[in-house]
Amino acid sequence: MANPRKFSEKIALHNQKQAEETAAFEQVMREVMGATRNAQPQYLHLSPTLGSYRGGSLPNVNQIGNNSIDLQSALTN
Amino acid sequence: MANPRKFSEKIALHNQKQAEETAAFEQVMREVMGATRNAQPQYLHLSPTLGSYRGGSLPNVNQIGNNSIDLQSALTN
Amino acid sequence: QNPQQIAEETSRRRELRLMKNREAAKECRRKKKEYIKCLENRVAVLENQNKALIDELKSLKELYCQKND
Amino acid sequence: QNPQQIAEETSRRRELRLMKNREAAKECRRKKKEYIKCLENRVAVLENQNKALIDELKSLKELYCQKND
DNA sequence: CACGGCTGACGTCAGCCCCT
DNA sequence: AGGGGCTGACGTCAGCCGTG
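Residues numbered from 1 in each chain as written. Chains lettered and ligands numbered in written order. Predicted model: local features only at pLDDT ≥ 70, side-chain atom pairs only at ≥ 80, totals over all residues. Heavy atoms only, no water.

> How should the overall build of chain A be read in this particular structure?
Within chain A one finds two helices and zero strands. If you sum the accessible surface of chain A, you get close to 5,400 Å²; carbon and sulfur atoms cover 51% of it. (Helix = DSSP H or I, 4+ residues; strand = E, 2+ residues; numbered from the N terminus. Areas by Shrake-Rupley, 256 points an atom, 1.4 Å probe, with all protein chains shown as cover.)

> Any chance you could explain the state of the cysteines here in plain terms?
What makes a disulfide is a covalent bond joining the sulfur atoms belonging to two cysteines. Counted by the stated rule, this structure contains zero disulfides over all chains. Here Cys65 of chain C stays free of any disulfide, with the sulfur of Cys65 of chain D as its closest cysteine sulfur at 16 Å. For Cys65 of chain C, a relative accessible area of 32% gives the class partly exposed. (Disulfide = S-S within 2.5 Å. Buried < 20%, exposed > 50% of the residue type's maximum accessible area, 1.4 Å probe, protein only.)

> Whenever I open this one, a positive patch on the surface confuses me. Can you help?
Together, Lys32 and Lys33 of chain C together with Lys32 and Lys33 of chain D line one region of the surface with positive charge. Of all the elements in the fold, those that place two or more residues in the positive patch are α1 (3–67) of chain C together with α1 (3–67) of chain D. If you trace the backbone, Lys32 of chain D turns up in helix α1. The partly exposed category is assigned to Lys32 of chain D, whose relative accessible area is 33%. (Patch = residues over 30% accessible without salt bridge, like charges linked within 9 Å, V, L, I, M, F, W, Y side chains within 5 Å. Salt bridge = Lys/Arg side-chain N within 4 Å of Asp/Glu carboxyl O. Lys, Arg positive; Asp, Glu negative; His and termini not counted. Charge placed at Lys NZ, Arg CZ, Asp CG, Glu CD.)

> How should I be thinking about the nonpolar core in this particular structure?
For soluble globular proteins, the rule of thumb is that nonpolar side chains tend to be buried together. Counting residues in each nonpolar core, the largest one holds 22 residues, and the members touching the most others are Leu53, Leu57 and Leu60 of chain C together with Leu53, Leu57 and Leu60 of chain D. Elements with a minimum of two residues in this core: α1 (7–35) of chain A, α1 (7–35) of chain B, α1 of chain C together with α1 of chain D. Ranked by size, the runner-up nonpolar core spans 16 residues in total, among them Ile11 of chain A, Phe7 of chain B, Tyr35 of chain C together with Cys38 of chain D. (Core = buried A, V, L, I, M, F, W, Y, C linked by side-chain atoms within 4.5 Å.)

> Can you walk me through the confidence of the model for chain C in this structure?
Keep in mind that low pLDDT regions are not for reading the predicted coordinates in detail. Across chain C, the average pLDDT comes to 92, with 94% of residues at or above 70. Among the prediction metrics, the complex's ipTM stands at 0.85, with pTM recorded as 0.82. (pLDDT = per-residue confidence, 0-100.)

> Looking at this structure, how should I read the protein's contact with DNA strand F?
Taken together, the neighbourhood of DNA strand F is formed by 15 residues, with Arg5 and Phe7 of chain B, Arg14 and Lys33 of chain C together with Cys28 of chain D sitting nearest. Counting only atoms of DNA strand F within 4 Å of the protein, the fraction found in sugar and phosphate groups is 70%. Within the side chain of Lys6 of chain B, a nitrogen or oxygen atom sits 3.3 Å from a sugar or linking oxygen of DNA strand F. Side-chain polar atom of Arg29 of chain C to a base nitrogen of DNA strand F: 3.2 Å apart, as the coordinates give it. Contributing elements (two or more residues each) for the surface near DNA strand F: α1 of chain C together with α1 of chain D. Examining the composition of the surface near DNA strand F, we find that eight residues originate from one element, α1 of chain C, more than from any other. Considered class by class, the residues forming the surface near DNA strand F number four nonpolar, two polar and nine charged. (Near = heavy atom within 4 Å. Polar contact = N/O pair within 3.5 Å; in protein donor to acceptor, adjacent residues only side chain to side chain. Nonpolar A, V, L, I, M, F, W, Y, C, P; charged D, E, K, R; others polar.)

> I keep staring at the protein's contact with DNA strand E and nothing clicks. Help me out?
As a matter of local geometry, DNA strand E sits amid 15 residues, with Arg5 and Phe7 of chain A, Cys28 of chain C together with Arg14 and Lys33 of chain D nearest to it. Atoms of DNA strand E within 4 Å of the protein: sugar and phosphate make up 71%, bases the balance. Between DNA strand E and Lys6 of chain A, the relevant distance is 3.3 Å, taken from a sugar or linking oxygen to a side-chain nitrogen or oxygen of the residue. When residues of the surface near DNA strand E are traced back to their parent elements, those giving at least two are α1 of chain C together with α1 of chain D.

> So what exactly am I meant to see when it comes to the pattern of salt bridges here?
Oppositely charged side chains may form a pair once their charged atoms are brought near each other. Across all of its chains, the model carries eight salt bridges over all chains by this definition. With a shortest N-O distance of 3.1 Å, Arg42 of chain C and Glu21 of chain A are connected by a salt bridge. In this pair, Arg42 of chain C is assigned in helix α1 and Glu21 of chain A in helix α1, connecting two distinct chains. Of the two residues, Arg42 of chain C and Glu21 of chain A, both sit in the buried class. A salt bridge links Arg42 of chain C to Glu47 of chain D; the shortest N-O distance between them is 2.5 Å. With Arg42 of chain C in helix α1 and Glu47 of chain D in helix α1, the pair connects residues from two separate chains. Exposure remark for Glu47 of chain D: the relative accessible area of 5% places this residue in the buried category.

> I tried to follow the UniProt feature "coiled-coil region" (unreviewed entry) in chain C on my own but got confused; where do I start?
The residues that UniProt annotates with the feature "coiled-coil region" (unreviewed entry) are residues 29–63 of chain C. The span residues 29–63 of chain C is 100% helix and 0% strand, and its two end C-alpha atoms sit 51 Å from each other. (UniProt positions renumbered as here; feature names shortened; annotations may be inferred.)

> Is there a simple way to explain the environment of Val43 of chain C in this structure?
One can find Val43 of chain C in helix α1. Its relative accessible area of 2% is what places Val43 of chain C among the buried residues.

> Got a minute to help me understand the confidence of the model for chain A in this structure?
Looking at chain A, pLDDT values average 67 and 51% of them are 70 or higher. When the criterion is pLDDT under 50, residues 43–77 of chain A qualifies, and its contacts beyond four places in sequence or with other chains add up to 40 contacts. (Contact = heavy atoms within 4.5 Å.)

> Mind showing me how you'd approach the packing of aromatic side chains here?
Geometry of an aromatic ring pair is reported as the spacing of the ring centres plus the angle between the planes. Enumeration according to the criterion identifies two aromatic pairs over all chains in this entry. Consider the rings of Phe7 of chain A and Tyr35 of chain C, whose centres lie 5.7 Å apart with planes at 20°: the pair is stacked. One end of the pair, Phe7 of chain A, is in helix α1; the other, Tyr35 of chain C, is in helix α1, on a second chain. Exposure remark for Phe7 of chain A: the relative accessible area of 17% places this residue in the buried category. Residue classification places Tyr35 of chain C among the buried positions, given a relative accessible area of 3%. (Phe/Tyr/Trp six-rings, centres within 6.5 Å; stacked < 30°, edge-to-face > 60°.)

Here it is, written out as C-alpha cells:
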C-alpha cells in the first residue's frame, strides 16, 4: 500500500504529498512573513517564493519538457 | 552539462547536491539550536535530526533495499 | 475439428495477445518516463522550498538574536 | 580471399558486437534502476529536512512572538 | 482458481556524442 | 571523419497480483 506497483498510483501519491507539503510550506512562509512584517517593513523584498513553479492545480507532469527548463529558471532566479 | 546523458553523472550530481544541502541544513539547525538553547534549556529534546539517514560518506544508493525501509522508519520517528 | 482451423485459431489468439502486450508495453514505458519526470520535478520543488526555508530560518534567527541585545 | 572466410568473419564481428551491446544494455538498465532509487531516496531525505525546517521555523516564530510581549 | 492487466528483465536496432 | 560507448525505444517472455 505504501509502495504501489502501478506507476499511476506512484505519481498520484507523489502529487498528493507535494500538494500537502506545498500548502504547509506556503502557510508557514506566510505566517513568518506576517510575524516579521512589523519588524522590518522596508526589507520586504517580496520575491515570489517559487515553491510551486506554476499556477496549475497539480504539477501536471505531462506538460514538462526535456529537463524542466522552467524549474531551472526558477532555480537561477 | 546541466543534464548529462550518462546515469553515473546524474547520480554523481544528485549526490553532490544532496551532500551540500545536507551540510547547509545541519549547519542551520545547529545554529538555531545554539541560539535558542539559552532561552529554553529544559525543552531540549535532542531528537536526531534524521537529515541523512546513515553514517556513510555519501548516500550510497546501492545499499538501499526495496522501498527504503530505513527512511520510512525515519519518517515515523 | 479440422486441425487446420485449430492451428489457425491458436495462431490468431497468440497474435492478438502479442498485440495487446505490445501496446501495454508502450503505455508502461510512457508511464515510467512520466514517473521519472515527476520525481525529478519533485526534487527540484523540494530543493527550492528547502533553500527558501533555510533563508527564512537564517533571517528569523538573526532577528531573534538581535532582540536579545 | 575466400568468400567463405569473409562471411564467417562478418558473422563473428556481428556476434561480438551483439554480445558487447547485450552486456552494455544490462549495465545500463542497472544504472537506470539505481538512478531511480537515488531520486526516491533524495525525495525522502528532502521531505525529512523540509518537515524539520518547518517545525524549527514554527518554534522559532513562537519564540520570536513571545519576545514581543 | 483461472484470467487478464502491468510491470521487470532481456535482446536487438537506431541514434547521439565523445574520443582519437 | 569514423568507431565505440551509452542510452532511447521496441517487441517478447516471464511473473505478480487484483478481479471475476
